[in-house]
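# Chains, contacts and geometry: an overview
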Amino acid sequence: MKPDIAVIARVGAHQAFEDMGLKSLGTEVYQTPYGLSRPIHFFRTEGVDFAVMSRHGESGYDLSAPFVNSRANIYALKALGVAKVLAWVAPGSLREELAPGDLVVPHDLLDEGRGGPHTFFAGVGWGFIRHNPLFCPELKAAMMTALAGVPFTVHGQGVYVATTGPRLETAAEIRKFRLLGGDLVGQTLAPEVFLARELELCYAALTYVVNYAEGLMGRPYQPGVLFEGLATPEEVSKVAEVEAAFPEIILRILPAMAATHRHCPCPRLMERYRLRGDIGEDWQTWVR
Ligand code: HPA
């Protein structure tokens, strides 16, 4: 199968689609110059083919965010012929009005992380790529239209602050991120979105808030429970509702994603280097 669309999600995403009755049309793991990709699972719904990849593990949370091999994953999707990527991610909230269980389609990002491979273009003279708009405007618009009517609060913008992890932030860091204009904090979207742009993929993110970030609500430390007390049981159950709705939400969005025409900047982010003769048509010769 050569799907145009991929969904990169959290743990066991393919299982969620199978559980709702979609038939698996196969699985592939790619050997890339950066190592093995995560398994890629293939599905079809209402004439739309799509691939599903889980960043952190097939059935359990096996790999924390800083160790996700985003270069291998994005390379593999590009090699498969994918042009449009939907990233499903679960950040914390930096704002009272973005509550656990809410959906947020971020429009921008602050990269506050450190280290880690963040480019395909090591040691060459290309890659000075504009990052505004960061997320594909066509995919974002398609997603917002498709989300009308979901039984969750949907926010059409937000600045995602990317941290390294796996640790959570100090309260002072969260105060700083709020001052910087951040709305969400998470460990997933960088460098994934940057790498997707280097390979000229359309990429947009759909996030669902899983907790208020450290210090925001003054919650006491509780050893041994999820997020050590950062989230209340009510918030945890709100989040569980949106997690359970993951496959239905994605199935709503897929036809809208399939209908975008890629008149956005994404397919030509490297055009200058192409015109300059630095790179050829075969993207596999660009990467290092
Ligand atoms: N901080 C960083 N990453 C996260 C958080 C958080 O509060 N919640 C979910 N991912």
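A brief look at the structure comes next. (Residues numbered from 1 in each chain as written. Predicted model: local features only at pLDDT ≥ 70, side-chain atom pairs only at ≥ 80, totals over all residues. Heavy atoms only, no water.)

On to the layout of surface pockets. Approximately 790 Å³ is the volume attributed to the largest pocket. Considering the residues around the largest pocket, the lining is formed by 37 residues, among which Arg10, Tyr61, Ala90, Val210 and Phe227 are closest to the centre. Elements supplying a minimum of two residues to the lining of the largest pocket: helix 1 (13–19), strand 7 (84–89), strand 13 (184–186) and helix 6 (233–244). Looking at the lining of the largest pocket, the element that brings in the most residues is helix 6, giving three residues. (1 Å grid on protein atoms, 1.4 Å probe; cavity = no way out; pocket = protein on both sides within 12 Å on 5 of 7 lines; lining within 4 Å. Points joined across faces, edges and corners; volume = space filled by probe spheres on them. Helix = DSSP H or I, 4+ residues; strand = E, 2+ residues; numbered from the N terminus.)

Below, the discussion takes up the pairing of strand 1 (residues 5–9). Here strand 1 lies mainly inside the structure; five of its five residues are buried. Residues Ile5, Val7 and Ala9 of strand 1 are buried on one face, and the alternating residues Ala6 and Ile8, pointing to the opposite face, are buried as well. The pairing of strand 1 with strand 6 (residues 48–54) spans five bridges and is classified as parallel. Bridge assignment links alanine 9 to a residue of strand 6, and that residue is serine 54. In terms of strand pairing, strand 1 meets strand 7 through four bridges, oriented parallel. Residue pairing in the sheet places alanine 6 in a bridge with valine 85 of strand 7. (Buried < 20%, exposed > 50% of the residue type's maximum accessible area, 1.4 Å probe, protein only. Pairing = 2+ DSSP bridges.)

Formed by 48 residues in total, the largest nonpolar core has its most connected members in Ile40, Leu109, Phe120, Leu189 and Val287. Secondary-structure elements contributing two or more residues to this core are strand 1, strand 5 (40–45), strand 6, helix 2 (70–80), strand 7, strand 12 (159–162), helix 5 (189–198) and strand 14 (202–208). For isoleucine 40, the residues in contact, after removing those within four places along its chain, are Gly26, Thr27, Glu28, Tyr30, Ala51, Val52, Met53, Ala76, Leu77 and Leu80. Ranked by size, the runner-up nonpolar core spans 38 residues in total, among them Ala13, Val48, Ala146 and Cys202. (Core = buried A, V, L, I, M, F, W, Y, C linked by side-chain atoms within 4.5 Å. Contact = heavy atoms within 4.5 Å.)

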